[in-house]
Amino acid sequence: LRLPFSFSLSPPPPSLLATAKGKMAGHIVGYPRMGPKRELKFALESFWDGKSTAEDLQKVAADLRASIWKQMADAGIKYIPSNSFSYYDQVLDTTAMLGAVPPRYGWKGGEIGFDTYFSMARGNASLPAMEMTKWFDTNYHYIVPELGPDTNFSYSSHKAVSEYKEAKALGIETMPVLIGPVSYLLLSKPAKGVEKSFSPLSLLGKVLAVYKEVLAELKAAGAIRIQFDEPTLVMDLGSHQLQAFTDAYSELESSFSGLYVLIQTYFADVPEAAYKTITSLNCFTGFGFDLVRGTKTIDLIKSGFPSGKYLVAGVVDGRNIWANDLASSLSTLEGLEAIVGKGKLVVSTSCSLMHTAVDLVNETKLDDEIKSWLAFAAQKVVEVNALARALAGDKDVAFFSANAAAQASRKSSPRVTNQEVQQAAAALKGSDHRRVTTVSARLDAQQKKLNLPILPTTTIGSFPQTMDLRRVRREYKANKISEEEYVKAIKEEINKVVKLQEELDIDVLVHGEPERNDMVEYFGEQLSGFAFTSNGWVQSYGSRCVKPPIIYGDVSRPKAMTVFWSSMAQSMTSRPMKGMLTGPVTILNWSFVRNDQPRFETCYQIALAIKKEVEDLEAAGIQVIQIDEAALREGLPLRKSEHAFYLDWAVHSFRITNCGVQDTTQIHTHMCYSNFNDIIHSIINMDADVITIENSRSDEKLLSVFREGVKYGAGIGPGVYDIHSPRIPSTEEIADRINKMLAVLETNILWVNPDCGLKTRKYAEVKPALTNMVAAAKLLRKEL
Ligand code: GLN
Ligand code: ZN
């Protein structure tokens, strides 16, 4: 073993000696907060609605924390996290801890209470919420701290300490988790007014002063271990950012005496420079790595790991729902133990378990075979402990052999493998698929058939989802109403939506998607290879959770999925009716994806299934087909070096779905999330005839790409108003925005549409907004 750096041995913390006999070295990075049946969601929403008190909410939260700690303690976990609970978001908790409340919220100092906390999270009667953005490449969203040169920091939320004490009172020793100071600052944005001139990292010194107070109080409360989450270490960081880690932890070192200090990373491998930076710091007792998504870190560990330190090996996947392959993990762990030394290896999860579902026990509708392939958070805790015990020479043979049997059954199950699909997908690799004619020739051919005015108007697909509609779908699912009654109700709804669009004089119509509960689930339910949970919820933001489908097998399409409804809708009007599909990349990115083949292979399979649907729609006379890729941008990998590969197969998958249609069939796509500038060439490469893009909050940004000379010859509809807000835009305002777009884009390619589906809005908002939108388009047509 070659050790490239010099280290001095740190004495083993007394805590470890005291407990080493009792417990194996298992560690959990973090745990879901929502509860097995989303108890926290309901408690929060009831509190927000004024239907319950703060005490009621606190009681639910405390019960949840207690049951989580107890579960981990019972499972034999030694390093149990605390402060991984949150009423809304762990980054917002850190903002509260640091007292970094933006002044507009009017906080006067003192311990931050629910009022200020939830105002920052959700806004209040007079103020909007703080900005929210994606947490790395997960589907979780955090509240972005806003920092400026005048931000004052003061220790203003003692949550970490009170949770530690709360667990201690239950007889459970926990490891408080804090978001590390450097990641906190790197995830912050400069406050309004100093956007260009200010770097939040310059506040490091001030922030560290508060961290020192927190550490002192934790120690005084009896804490013996602490975990610093520094996930930004896996990103592309520059040397001055890496230097901030050295500066921060050298500064904190004096507060660490007597503490076991773990620095925890996750979501990818740690680049070599970052690895060297942190492992050369002697203040840490342990280093936590994601060894599921970050297998390259294993090579770095092999080339040198500081002697005497603990390696916290994240081998149990916190981002997915598959049971761990215990035999394979054990062999990885044994290899690592040979490097770091006996007793120095801690078995862990790859990241917080908050990114997976909570407890498989509550899944009564999944069959036993599929269940045997799965592990949710509660099961993963048990896996961690089983691995830790096995590593310590106390292997639970029965548990391991049951796991091996389940792994074998998954490998050989005919439900997983479909030879025909495998071959069809394999045949796609290495070849390219695109429509033979250029987009401008196609647009000409389509225009001859469609005969649309300039600045054609359309919407993105869904219309308001009323309570009645939801009830109809629910009752049909529960067999409470017959298929006939169901079809009749949906048909009436479609008819209503079609007539409304004709009255509004929209040019390209939609059927409104009344038969769909969710744009991914609707297709997953009809494709083979998908399974659905009853309670497999994952927090998306605040009290909002999503329930991703599970893709467990080769994907195929037994029969047409949308043709019935789309042709029915088309028969109600002489205007073109868009067929409405969800694209393969979005289905993939919003599902739990199988881990036994590369993601792109699964994506190609879905692409082939959607391709069949596209062809069936075309054969049924649908002339415009929209294939939504709402989530294409959000699947972009964390590191730039991986972008090209992802974009290549993602864009290829999209093209596969429609490469076979005639020139006269118009393919639309739609994308959410407003930051497209870095992937504009991939968007062009999708080769859709028309793209509608969510844009309403950042016209300038999108348009600047075109201003800078990017050539875009296909149809494009940057959303002309924000559907996320109940506000009704005026005709003038919309016309003004279209005019701005016309300054950069050709008249003949510009479409006029809202920026996303209308399903979360009310008819009282949709009708006037669309009326104004159509009026604006007509106004400009006259002028052009
Ligand atoms: N067609 C979908 C709808 O209109 C698209 C939704 C989305 O982009 N998230 O609801
Ligand atoms: Zn959208």
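What counts and how
Residues numbered from 1 in each chain as written. Chains lettered and ligands numbered in written order. Predicted model: local features only at pLDDT ≥ 70, side-chain atom pairs only at ≥ 80, totals over all residues. Helix = DSSP H or I, 4+ residues; strand = E, 2+ residues; numbered from the N terminus. Rg over C-alpha atoms; globule rule 2.2 N^0.38 Å. Buried ≥ 20, exposed ≤ 12 C-beta atoms within 10 Å, placed from the backbone. Contact = placed C-beta atoms within 7 Å. Core = buried A, V, L, I, M, F, W, Y, C linked by C-beta atoms within 7 Å. Near = placed C-beta within 6 Å. Nonpolar A, V, L, I, M, F, W, Y, C, P; charged D, E, K, R; others polar. Pairing = 2+ DSSP bridges. Axes fitted to C-alpha atoms, helices over the stretch in contact; angles between N-to-C directions. UniProt positions renumbered as here; feature names shortened; annotations may be inferred. Expected span 1.5 Å × (residues − 1). Arc of directions from axis to C-beta. pLDDT = per-residue confidence, 0-100. Parallel < 35°, antiparallel > 145°, perpendicular 65-115°, else oblique. Left-handed = near helix turned anticlockwise from the far one by under 90°.

On to the overall build of the protein, then. Per the secondary structure count, the protein includes 28 helices and 20 strands. Relative to the compact-globule value of 28 Å for 784 residues, the protein shows a C-alpha radius of gyration of 27 Å, a close match. Counting the 784 residues in the protein, one finds 49% classified as buried. By sequence separation, contacts in the protein at least 24 residues apart represent 80% of the contacts at least 6 residues apart.

Among the nonpolar cores identified, the biggest contains 218 residues, and L311, A313, V347, L387 and M773 are the most heavily contacted of them. Contacts of L387, omitting those with residues within four sequence positions, involve V315, L326, S329, L330, L333 and V347.

Let us look at the site of ligand 1. Lining the immediate environment of ligand 1, one finds 13 residues, of which I460, G461, S462, A630 and G757 sit closest. Grouping the amino acids of the shell around ligand 1 by side-chain chemistry returns six nonpolar, four polar and three charged.

The pairing of strand β13 (residues 538-541) with strand β14 (residues 544-546) spans three bridges and is classified as antiparallel. Following the sheet pairing, Y541 is matched in β14 by R544. Hairpin remark: β13 followed by β14, antiparallel, with two residues in the connecting loop; positive phi at G542, about 50 degrees.

With a phi close to 55 degrees, N451 is a non-glycine residue in the positive phi region. Relative to the elements of secondary structure, N451 occurs in the loop between α17 (439-450) and α18 (467-477). Phi at D505 takes a positive value of approximately 65 degrees, unusual for a residue other than glycine. By the element assignment, D505 lies in the loop between α19 (483-504) and α20 (521-524).

On to the sheet that holds strand β7 (residues 225-229), then. An order of β1-β5-β7-β8-β9-β10-β11 is seen for the seven strands of this open sheet, with the pairing classed as parallel. Looking at the sheet topology across the chains shown, the edges are occupied by β1 (80-82) and β11 (345-349). In this sheet, adjacent strand axes meet at a mean angle of 30 degrees when their direction is disregarded. This element, helix α12 (residues 326-340), spans β10 (310-316) and β11 of the sheet and lies at about 170 degrees to β10.

Our focus in this paragraph is the UniProt feature "domain: Cobalamin-independent methionine synthase MetE N-terminal" (unreviewed entry) in the protein. Mapped onto the present numbering, the UniProt feature "domain: Cobalamin-independent methionine synthase MetE N-terminal" (unreviewed entry) falls at residues 27-339. Secondary structure across residues 27-339 divides into 41% helix and 13% strand, with the first and last C-alpha atoms of the span separated by 19 Å.

Strand order in the open sheet made by the five strands is β16-β17-β18-β19-β20, with parallel pairing throughout. Two strands close off the open sheet at either side, each with one partner strand: β16 (578-582) and β20 (715-718). Each strand of the sheet is rotated relative to its neighbour by a mean of 20 degrees, with strand direction disregarded. Note that strand β17 (residues 624-628) and strand β18 (residues 666-671) share five bridges and pair parallel. If you follow V624 over to β18, its bridge partner there is Q666.

Helix length check: helix α9 (residues 239-252), at 14 residues, gives a terminal C-alpha distance of 20 Å against a target of 20 Å (1.5 Å per residue), a fit within 8%. Along α9, the positions that sit buried rather than exposed are A244, F245, A248 and Y249. Taken down its axis, α9 places every buried residue within 110 degrees of arc, on the same side. Facing away from the buried side of α9 by over 90 degrees, the exposed positions are S239, H240 and S250. Buried residues along α9 sit in contact with α7 (181-186), α8 (204-220) and α10 (272-279).

This part is about the confidence of the model for the protein. A low pLDDT score tells you not to read the predicted coordinates there in detail. For the protein, per-residue confidence averages 94 on the pLDDT scale, and 96% of positions sit at 70 or higher. Long-range and interchain partners of residues 1-22, a stretch whose pLDDT sits below 50, account for 29 contacts in this model, where long-range means more than four residues apart. Quick note on the complex model: pTM equals 0.93, ipTM equals 0.99.

Moving on: the pairing of strand β5 (residues 174-179). Across the six residues of β5, six count as buried, placing the element largely inside the fold. Where burial is concerned, the two faces of β5 agree: the one with T174, P176 and L178 and the one with M175, V177 and I179 are both buried. Bridge count between β5 and β7: three bridges; the pairing is parallel. By the bridge assignment, V177 is partnered in β7 with Q227.

Here the focus is the packing of α19 against helix α21 (residues 563-570). Where α19 contacts α21, the axes come no closer than 10 Å and their chain directions differ by 45 degrees. It follows from the interaxial angle that α19 and α21 lie oblique. Between α19 and α21 lies a crossing whose hand is right-handed. Two secondary-structure elements touch here, α19 through K491, I494 and V498 and α21 through W565, M568 and A569. Residues belonging to the contact of α19 with α21 are distributed by class as follows: five nonpolar, no polar and one charged.

Our next topic: the environment of S86. Checked against the element boundaries, S86 lands in the loop between β1 and α4 (90-98). The exposure class of S86 is buried, given the 21 C-beta atoms found within 10 Å. Considered as a pair, S86 and A743 are 657 residues apart in the sequence and their alpha carbons are 47 Å apart. Dropping the residues within four chain positions of it, S86 is found in contact with R33 and D93.

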